[in-house]
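# Topology and contacts: notes
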Amino acid sequence: MADSAVVLGPGGPVGTAWLAGLAGGLRHEGVDLGAADLIVGTSAGAIVGAILASGGDPGRLAAPPAPADPAGGVRADLDALAEVLATLSDPGLERGEALRRVGRLALTASTGSQELAIARMRFLVGTAEWPDRPLLIPSVDAETGEPVIWDRHGAASLPQAVAASTAFPATAPPITIYGRRYIDGALRAGTNADLAAGARVVIVASLSPWHISTAPAAPRRAQHGSSGWPPTPTRSRRSVRISPTSPPGFPHIRPASGRLPARPSVSGHAPRPSDTLAQPDADRGDTDRAPGTRLAELLAHDAGQHAKK
């Protein structure tokens, strides 16, 4: 069972840049997110998580070269995207049906070549091989709406898994793996933080403070079975959440803060009371403190408490 886990959430190109900058900044300050026992990366987080788990430098994303294809090989279908967003925000649709509908939209949208999408992820990540360090990358079956969790034991190459997890419907092509088509893993459960259940310390970094799941669908491990799957939650788990903004009215959310407002993210999930935002808070007098400071303090405190046992 993992002692520590890092969960990197979705956020598109902006989320990728923010997560890479956060990871690079924390590493510069002596806190290496890539040293976690388990990394869970979803969508934008899959790109940065794959780099960190592989021992790479997230700074490689700072200045990627212009694509050989002027159109980038991958393009958004704006008409289909409008339908996708309308479907996901329809309160009258059952969750599974909404996922199947946007999956069908993804399969028919004009979004370019999946081969080019995979090649782009291969370049961004910097390797085609899965790392030895545990790395989980969620995606969703475009036809059934069922979630699938990729790891090094599955049928997908690392670039395929990352491309699938970043394939938001109508903005990127679904990725074919083992005869099935897969789309963005954020559609499963936002950050998919539940996949880190059982870790003693969990760090969740997400561009949006609302990208957290309350009741994710049961995951299916891709083409692979394991007696240790899914992980078993423990009561000793502690979590820290890093986000650039704070939910209105909740500048610092603690586990004892009670029920949170049911304001859904694009993926239809609201935050859980068990998550903590590690960010500046005027009420606590730490508006000038960097996120890395709070993170380092938590890890140091937790290590001290563990040593006393």
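Let me begin by describing the structure that accompanies this report. As a convention, each chain's residues are numbered from 1 in the sequence order in which they are written. At least 70 in pLDDT is required for a residue's local features to be given in this predicted model, at least 80 for side-chain atom pairs to be given and counted, and no such filter applies to totals for whole chains, interfaces and linings, which use all residues. Side-chain numbers come from the whole structure's heavy atoms, not from hydrogens or water.

### Notes on the overall build of the protein chain
The condition that has to hold: A helix here means a DSSP run of H or I that spans at least four residues, while a strand means a run of E at least two residues long, and both kinds are numbered starting from the N terminus. Whether a residue is buried, partly exposed or exposed follows from its accessible area with a 1.4 Å probe, protein chains only, as a fraction of its type maximum: under 20%, in between, or over 50%, in that order. Should any heavy atoms of two residues lie within 4.5 Å, those residues are counted as being in contact. Here, Shrake-Rupley sampling with a 1.4 Å probe gives the accessible areas, and only protein chains in the shown set may cover a residue.
When helices and strands are counted, the protein chain shows eight helices and nine strands. Considering the protein chain as a whole, with its 309 residues, one finds that 51% of them fall into the buried category. Across the protein chain, contacts joining residues at least 24 apart in sequence account for 77% of those joining residues at least 6 apart. Carbon and sulfur atoms provide 55% of the accessible area of the protein chain, an area that totals close to 13,600 Å².

### Some words on the side chain of Thr166
Note the following rule: Distance and chemistry together define a polar contact, namely a pair of N or O atoms within 3.5 Å, with one atom able to donate a hydrogen and the other to accept it when in protein, and with adjacent residues in sequence counting only for side-chain atoms on both sides.
On the secondary structure map, Thr166 appears in the loop between helix H6 (158–165) and strand E5 (175–177). Thr166 sits in the buried class, given a relative accessible area of 16%. There is a polar contact of 3.1 Å between the side chain of Thr166 and the backbone oxygen of Ala163. Ignoring any residue separated from it by four or fewer positions in sequence, one finds Thr166 in contact with Ser43, Ala44, Ile47, Met121, Ala172 and Asp184.

### Digging into the pattern of salt bridges
Applicable threshold: By salt bridge we mean one thing: a side-chain nitrogen of Lys or Arg within 4 Å of a carboxyl oxygen of Asp or Glu.
Scanning the model with the defined rule gives nine salt bridges in all. Between Asp3 and Arg200 there is a salt bridge, with the nearest N and O atoms lying 2.7 Å from each other. You can see Asp3 sitting in the segment before strand E1 (4–8) and its partner Arg200 sitting in the loop between helix H7 (186–189) and strand E7 (201–205), a full 197 residues away along the chain. Its relative accessible area of 35% is what places Asp3 among the partly exposed residues. The buried category is assigned to Arg200, whose relative accessible area is 17%. Put simply, Arg101 and Glu97 hold a salt bridge, and the shortest N to O gap is 3.0 Å. Taken together, the residues Arg101 and Glu97, both in helix H4 (residues 95–108) and four residues apart, mark about one turn of the helix. Several salt bridges converge on common partners, so that one network encompasses Glu94, Glu97, Arg100, Arg101 and Arg104.

### Regarding the packing of aromatic side chains
Aromatic ring pairs are described here by two measures, namely the spacing of the ring centres and the angle between the planes. Going by this rule: What counts as a ring pair is set by centres within 6.5 Å for rings of Phe, Tyr and Trp (its six-membered ring), and what kind of pair is set by the plane angle: stacked under 30 degrees, edge-to-face over 60, tilted for all other angles. Ring-over charges, as used throughout, are those where CZ of Arg or NZ of Lys falls within 6 Å of the ring centre and within 35 degrees of the ring normal.
In this structure the tally under the stated criterion is one aromatic pair. Consider the rings of Trp150 and Tyr182, whose centres lie 5.1 Å apart with planes at 85°: the pair is edge-to-face. With Trp150 in strand E4 (residues 147–150) and Tyr182 in strand E6 (residues 180–184), this residue pair connects regions lying 32 residues apart in the sequence. Accessibility classification places Trp150 together with Tyr182 in one group, the buried group. Positioned over the ring face of Phe123 is Arg60, at 5.8 Å from the centre of the ring.

### What to know about the packing of helix H2 (residues 44–53) against H6
Where we set the bar: To get an axis, fit a line to the C-alpha atoms, keeping to the stretch in contact for a helix; angles then go from 0 to 180 degrees between the N-to-C directions. These descriptions rest on fixed angle ranges, namely under 35 degrees for roughly parallel, over 145 for roughly antiparallel, 65 to 115 for roughly perpendicular, and the rest for oblique. The hand of a helix crossing depends on one turn: near helix anticlockwise from the far one by less than a right angle means left-handed, and clockwise means right-handed. Residue type decides the class: Asp, Glu, Lys and Arg count as charged, Ala, Val, Leu, Ile, Met, Phe, Trp, Tyr, Cys and Pro as nonpolar, and the leftover types, Gly among them, as polar.
At their nearest, the axes of H2 and H6 sit 7 Å apart, and the two run at 155° to each other. In terms of orientation, H2 and H6 fall into the roughly antiparallel class. Crossing of H2 against H6: the hand is right-handed. On H6, the residues touching Ala46, Ile47 and Ala50 of H2 are Leu158, Val162 and Ser165. Per-class residue counts for the contact of H2 with H6 are five nonpolar, one polar and no charged.

### A look at the nonpolar core
Note the cut-off: By convention a nonpolar core is built from buried Ala, Val, Leu, Ile, Met, Phe, Trp, Tyr and Cys residues, the set being connected through side-chain atoms within 4.5 Å.
Counting residues in each nonpolar core, the largest one holds 45 residues, and the members touching the most others are Leu135, Ile137, Trp150, Leu158 and Val162. Examining the composition of this core, we find that eight residues originate from one element, H2, more than from any other. Of all hydrophobic cores here, the second largest spans 15 residues; its members include Leu88, Leu99, Leu105 and Ala106.

### A word on H4
The following threshold applies: Multiplying one less than the number of residues by 1.5 Å gives the expected span of a helix.
In this model, H4 (14 residues) spans 20 Å end to end at C-alpha, consistent with the 20 Å of a helix rising 1.5 Å per residue. Those residues of H4 not exposed but buried are Gly96, Ala98, Leu99, Val102, Gly103, Leu105 and Ala106. Of the surrounding secondary structure, the elements contacted by the buried residues of H4 are helix H3 (78–88), E6 and H7. One side-chain oxygen at the N-terminal end of H4 lies 2.9 Å from the backbone nitrogen of Gly96; it belongs to Glu94.

### Some words on unusual backbone geometry
Non-glycine residue Ser43 carries a positive phi angle of around 55°. Tracing the sequence through the fold places Ser43 in the loop between strand E2 (38–41) and H2. We note that Tyr178 has phi near 55°; this positive angle belongs to a residue other than glycine. Position of Tyr178 among the secondary structure elements: in the loop between E5 and E6. When its relative accessible area of 62% is taken as the criterion, Tyr178 is described as exposed.

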